[in-house]
Amino acid sequence: MVSGQHPFAVVLGCIDSRVAPELVFDQGLGDLLTVRSAGEVLDEAVLGSVAYGVLELDIPLVVVLGHQSCGAVSAAVHAEQTGERLPAHIQYIADRIKPAIDHAQEGAARIDATVSAQVRRVRSQLASEPDLAPRIGAGRLAIVGARYELTSQLVHQVD
Ligand SMILES: [Zn+2]
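Notes on the structure in this doc start here. For clarity, every value in this text was computed on a predicted model and none was experimentally measured.

Points about the overall build of the protein
Helices and strands together make up the secondary structure of the protein, namely six helices and five strands. Going residue by residue from the N terminus, the α and β elements of the protein occur as β-α-β-α-β-α-α-α-α-β-β. A compact globule built from 159 residues should have a C-alpha radius of gyration of about 15 Å, and the protein, at 16 Å, falls within 12% of that. Relative to all contacts within the protein whose residues are 6 or more apart in sequence, the contacts with residues 24 or more apart total 63%. For the protein, the exposed surface amounts to about 8300 Å²; the carbon and sulfur share of it is 53%. Of the side-chain charges in the protein, 12 are positive and 19 negative, and the distance between the mean point of each set is 4 Å.

This is the structure:
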């Protein structure tokens, strides 16, 4: 393992302490390249980290992993509803989740629907990255969305 790493998937997940990707997917050291940001929000460092896994390590699978009861999504929904400003760097996160907010739902259902919408949005943003899109077209890369449910401790794919 000292000579190199050969993880088979990139997992882009939330920072939530209950959703550690290695534990969720029952994987060991060296199996997953994990990138985590609150609400799976993309910025240049996150994009660069995902791109490193795909382009430099030639990993063929990226999983965008959202989860039930996401505090970042909840904060973004709450901030939009109340108009209250969050601390600066947390507002940055909320601003990047905001476009995914599902206004067709109310209350807890809005937060839950936005969790899935955020996964879809991040997945499509990654899929349209100029560095990644050609690999998808060539069948060398798949980018999938998924959700981890705290209540069932199960992961299911987000279409
Ligand atoms: Zn979260």
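Points about the coordination of the zinc ion
All of the protein donors around the zinc ion are C14 (SG), H67 (NE2) and C70 (SG); their distances to the metal are 2.0 to 2.3 Å. Read N to C, the donor residues that coordinate the zinc ion are spaced as C-x52-H-x2-C. Residue H67 is classed as buried on the basis of its relative accessible area of 0%. C70 sits in the buried class, given a relative accessible area of 1%.

A word on the environment of I59
Turning to its location among the elements, I59 is positioned in the loop between helix 2 (44–56) and strand 3 (61–67). Among the residues examined, I59 registers a relative accessible area of 1% and is labelled buried. Taking the C-alpha atoms as reference points, I59 and T151, 92 residues apart in sequence, are found 30 Å from one another. Setting aside residues no more than four positions away along its own chain, I59 makes contact with P7, F8, A9, V10, L33, G53, V54 and L141.

Some details on the pattern of salt bridges
Throughout the structure, instances matching the rule amount to six salt bridges. The salt bridge involving R135 is made with D58; its shortest N-O contact spans 2.7 Å. Taken together, the residues R135 in helix 6 (residues 133–137) and D58 in the loop between helix 2 and strand 3 connect sequence positions 77 residues apart. Judged by relative accessible area, R135 falls into the buried class, the value being 13%. Its salt-bridge partner being E106, residue R110 comes within 3.7 Å of it at the nearest N-O pair. Residue classification places E106 among the exposed positions, given a relative accessible area of 60%. Among the charged side chains, a network of salt bridges with common partners joins D58, R135 and R140.

Comments concerning the nonpolar core
Among the nonpolar cores identified, the biggest contains 19 residues, and L12, V50, V62 and L126 are the most heavily contacted of them. Top element by residues in this core is helix 2. It accounts for four residues. In this structure L12 touches V35, S37, E40, L42, V46, V50, V63, V64, L65, V122 and L126, once residues within four positions along its chain are discounted.

Conventions and cut-offs
Residues numbered from 1 in each chain as written. Predicted model: local features only at pLDDT ≥ 70, side-chain atom pairs only at ≥ 80, totals over all residues. Heavy atoms only, no water. Helix = DSSP H or I, 4+ residues; strand = E, 2+ residues; numbered from the N terminus. Rg over C-alpha atoms; globule rule 2.2 N^0.38 Å. Contact = heavy atoms within 4.5 Å. Areas by Shrake-Rupley, 256 points an atom, 1.4 Å probe, with all protein chains shown as cover. Lys, Arg positive; Asp, Glu negative; His and termini not counted. Charge placed at Lys NZ, Arg CZ, Asp CG, Glu CD. Donors = N, O, S within 2.8 Å, 3.2 Å for Na, K, Ca; no water. Buried < 20%, exposed > 50% of the residue type's maximum accessible area, 1.4 Å probe, protein only. Salt bridge = Lys/Arg side-chain N within 4 Å of Asp/Glu carboxyl O. Core = buried A, V, L, I, M, F, W, Y, C linked by side-chain atoms within 4.5 Å.

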